[in-house]
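Examination of the molecular architecture
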Amino acid sequence: MAAHVATVAFEGVETTEVDAQAQIAPGLPAFTVVGLPDKAVAESRERVRAAIHALGLALPPKKIIVNLAPADLMKEGSHYDLPIALAVLIAMQVLPQDAVDGYVALGELSLDGALLPVSGVLPAAIGANAREYGIICPAPCGPEALWAGDIDVLAPASLLALINHFKGVQVLTPPERVLQESVRNSPDMKDIRGQESARRALEVAAAGGHNLLMIGPPGAGKSLLASCLPGILPQMEAEEMLEVSMIASVAGLIAEGKLSRQRPYREPHHSASLPAMVGGGRRATPGEISLAHNGVLFLDELPEFPRTVLESLRQPLETGKIAVARVNSHVTYPANVQLVAAMNPCRCGYLEDAGRACGKAPRCGVDYQSRISGPLLDRIDLTIEVPAIDTLDMLGRKPGEPSAVIARRVESARTRQRERFAALRLPFRTNADANGDIIQQFTPQCPEARKLLERATENFRLSMRGYTRVLRVARTIADLEGREQVETQHIAEAVSYRQAPLLQNMKVA
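A few points on the structure. Note that the structure is predicted; figures quoted are calculated from it, not measured.

All right, on to the overall build of the protein chain then. A count of helices and strands for the protein chain gives 22 helices and 18 strands. In terms of principal-axis extent, the alpha carbons of the protein chain reach across some 85 × 50 × 45 Å. In the protein chain, which comprises 509 residues, the proportion classed as buried is 50%. Put simply, 73% of the contacts in the protein chain that link residues at least 6 apart link residues at least 24 apart. For the protein chain, the accessible area works out to roughly 22,800 Å², and carbon and sulfur atoms hold 51% of it.

What follows concerns the pattern of salt bridges. Considering all chains together, one arrives at 27 salt bridges under this definition. As a salt-bridge pair, glutamate 240 and arginine 429 come within 3.9 Å of each other at their nearest N and O atoms. Of the two residues, glutamate 240 sits in helix α9 (residues 238-250) while arginine 429 sits in the loop between α17 (403-423) and α18 (436-439), which places them 189 residues apart along the sequence. The buried category is assigned to arginine 429, whose relative accessible area is 16%. Of the charged contacts in the structure, one is a salt bridge between glutamate 304 and arginine 347, with a shortest N-O distance of 3.6 Å. Of this pair, glutamate 304 sits in the loop between β14 (296-299) and α12 (307-311) while arginine 347 sits in the loop between β17 (338-343) and α14 (363-369), and the two are 43 residues apart along the sequence. By relative accessible area, which is 51% here, arginine 347 ends up exposed. One network of salt bridges, with partners in common, ties together Glu318, Asp378, Arg379, Asp381, Arg465, Arg469 and Arg498.

Residues of helix α21 (residues 488-496) that are buried include every one of His490, Ile491, Glu493, Ala494 and Val495, and no others. At its buried positions, α21 is contacted by α7 (196-208), α19 (447-459) and α20 (464-480).

Turning our attention to the packing of α19 against α21. Taken N-terminus to C-terminus, the directions of α19 and α21 make an angle of 15°; their axes are 8 Å apart at the nearest point. Taken together, the axis directions place α19 and α21 in an arrangement best described as roughly parallel. Considering how the two elements wind past one another, α19 and α21 form a crossing that is right-handed. In this structure, α19 uses Glu448, Ala449, Leu452, Leu453 and Ala456 to contact α21, whose residues at the interface are Thr488, Ile491, Ala492 and Val495.

To continue, consider helix α4 (residues 121-130). Buried within α4 are the following residues: Val121, Leu122, Pro123, Ala124, Ala125 and Ala128. On its buried face, α4 sits against β1 (3-11), β2 (14-25), β5 (103-105), β8 (134-136), α5 (142-146) and α9. Once α4 ends, the next one or two residues include glutamate 132, with phi positive near 65°.

Tracing the sequence through the fold places alanine 407 in helix α17. For the pair alanine 407 and proline 230, spaced 177 residues apart in sequence, the C-alpha separation works out to 9.6 Å. Contact partners of alanine 407, with chain neighbours within four places excluded, come to Gly231 and Ile232.

All told, the structure shown has two cavities of 30 Å³ or more when counted by the stated rule. Glu237, Glu240, Arg263, Arg414, Arg418, Arg429 and Thr430 together form the lining of the second largest cavity.

The strand order β11-β14-β17-β10-β18 describes an open sheet built from five strands, whose pairing is parallel. Because the sheet does not close on itself, it has two edges, and the strands there are β11 (265-266) and β18 (382-385).

Our next topic: the side chain of histidine 79. Here histidine 79 lies in the loop between β4 (63-69) and α3 (81-91). Looking at histidine 79, the relative accessible area reads 3%, which means it is buried. In terms of polar contacts, histidine 79 uses its side chain to reach the backbone carbonyl oxygen of valine 8, at 2.9 Å. Every residue in contact with histidine 79, bar those within four places of it in the chain, is listed here: Thr7, Val8, Phe10, Leu106, Gly107 and Val118.

Turning next to unusual backbone geometry. In this model, alanine 69 is joined to proline 70 through a cis peptide bond whose omega is 5°. If you trace the backbone, proline 70 turns up in the loop between β4 and α3. If you check the backbone angles, glutamate 256 has positive phi at about 60° while not being a glycine.

Where α4 contacts α9, the axes come no closer than 7 Å and their chain directions differ by 120°. Accordingly, the angle class assigned to the pair α4 and α9 is oblique. Here α4 contributes Val121, Leu122, Pro123 and Ile126 to the contact with α9, which in turn contributes Leu242, Ser245, Met246, Ser249 and Val250. Taken together, the residues of the contact of α4 with α9 sort by class into seven nonpolar, two polar and no charged.

What counts as what
- Residues numbered from 1 in each chain as written.
- Predicted model: local features only at pLDDT ≥ 70, side-chain atom pairs only at ≥ 80, totals over all residues.
- Heavy atoms only, no water.
- Helix = DSSP H or I, 4+ residues; strand = E, 2+ residues; numbered from the N terminus.
- Buried < 20%, exposed > 50% of the residue type's maximum accessible area, 1.4 Å probe, protein only.
- Contact = heavy atoms within 4.5 Å.
- Areas by Shrake-Rupley, 256 points an atom, 1.4 Å probe, with all protein chains shown as cover.
- Salt bridge = Lys/Arg side-chain N within 4 Å of Asp/Glu carboxyl O.
- Axes fitted to C-alpha atoms, helices over the stretch in contact; angles between N-to-C directions.
- Parallel < 35°, antiparallel > 145°, perpendicular 65-115°, else oblique.
- Left-handed = near helix turned anticlockwise from the far one by under 90°.
- 1 Å grid on protein atoms, 1.4 Å probe; cavity = no way out; pocket = protein on both sides within 12 Å on 5 of 7 lines; lining within 4 Å.
- Points joined across faces, edges and corners; volume = space filled by probe spheres on them.
- Pairing = 2+ DSSP bridges.
- Polar contact = N/O pair within 3.5 Å; in protein donor to acceptor, adjacent residues only side chain to side chain.
- Nonpolar A, V, L, I, M, F, W, Y, C, P; charged D, E, K, R; others polar.

See below:
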């Protein structure tokens, strides 16, 4: 009879059940792994052989066949070591079959039998919990698995410790949930002197989760403004934290099983490739836009990114998810991000400074800014100009408002949004998440505000998407002020963020 041990294969953050089967049959000594294994899985037989030898046992001189079913599903990763070893030990009658029944096992084996951490433990535990199974994983991953809910977690440090536990010789210590310390490493908003309009735009963007583009010369403070954003964002709720942690788990970014309530902040270099941004590669791993889910994706020097990379952002910015299609896999990752981007007005950066601009101005600015397509700009809610600063003037100014004070206003605005959507039984968390049909309910009741919105729509030739985004921003501004209705001043401020002066007024002779 064949031995059976349950494990999983990963398809994005989802899991598929895999049955690790082992059979020892008469024949020439051999150890074969079948079921579409990749190189890491095929090499597991040597790690399993060494780990069993470290227990003081020897594989029988017979034909050992391990099958990973379903056989037509590609198996990737080193986490199959433990289920394969357990299946072989059951086939050798070292362990009884009922010892592992009701458990999903995953873990990488060291040559001395120690269990090494693997990626994907959290989604595997969530899938196991849905089947009312427990999970067996390496000791460093035990705290991570506990976040799946009320689930039985066995987290041994070695294969020997697990065998002794099943035989009743040793009792495994249950793991405990661990959260990373909430330490904000981002700069404080008080370090930004001047730039009041940019500070205000950053607060509005944080309050509603809106996309933001900053345009200005080098040294104006664009990167500093963006790095201050995590300090004014509220911490993630439990559901958001679980979503983010599942992606981080698949990417192997959770250390010691510790989860964090801090929102992700990703800032890839402009040389990032398309697979690095959207995800892909041999195992269709998550890219930067998925790793920034429920957080911030900061793209500095926006026009310097390859055009294919920038255009790939259009779909996830609209839908909140990204589909990664490969020959052997087609997976979908969450990608609900707040895009914050910064750029110079032209390649030299001094388009509006007559004394420093290059001789090609203003043509150089038109060419440089045209690298950003209209459809991508249409998905950005706030576009602002960050002007050059007078260094001596800035040194004489008092520090700005600290991040802690702004964060309290942002938290209050987001609380109003959550309560509003909860009262309507809608799954949205921020105004930026709400779809067009819901946003239409926020159309201002004030006749003057409606007329202003209509004039702006006509003058700026706003698309339906642009019209909806103006309403979203206006609703966020009203939430920051604690107003129930969207009023004229809210529409006026939202419209002012729709087009930056540099983009709107540049003319070429």
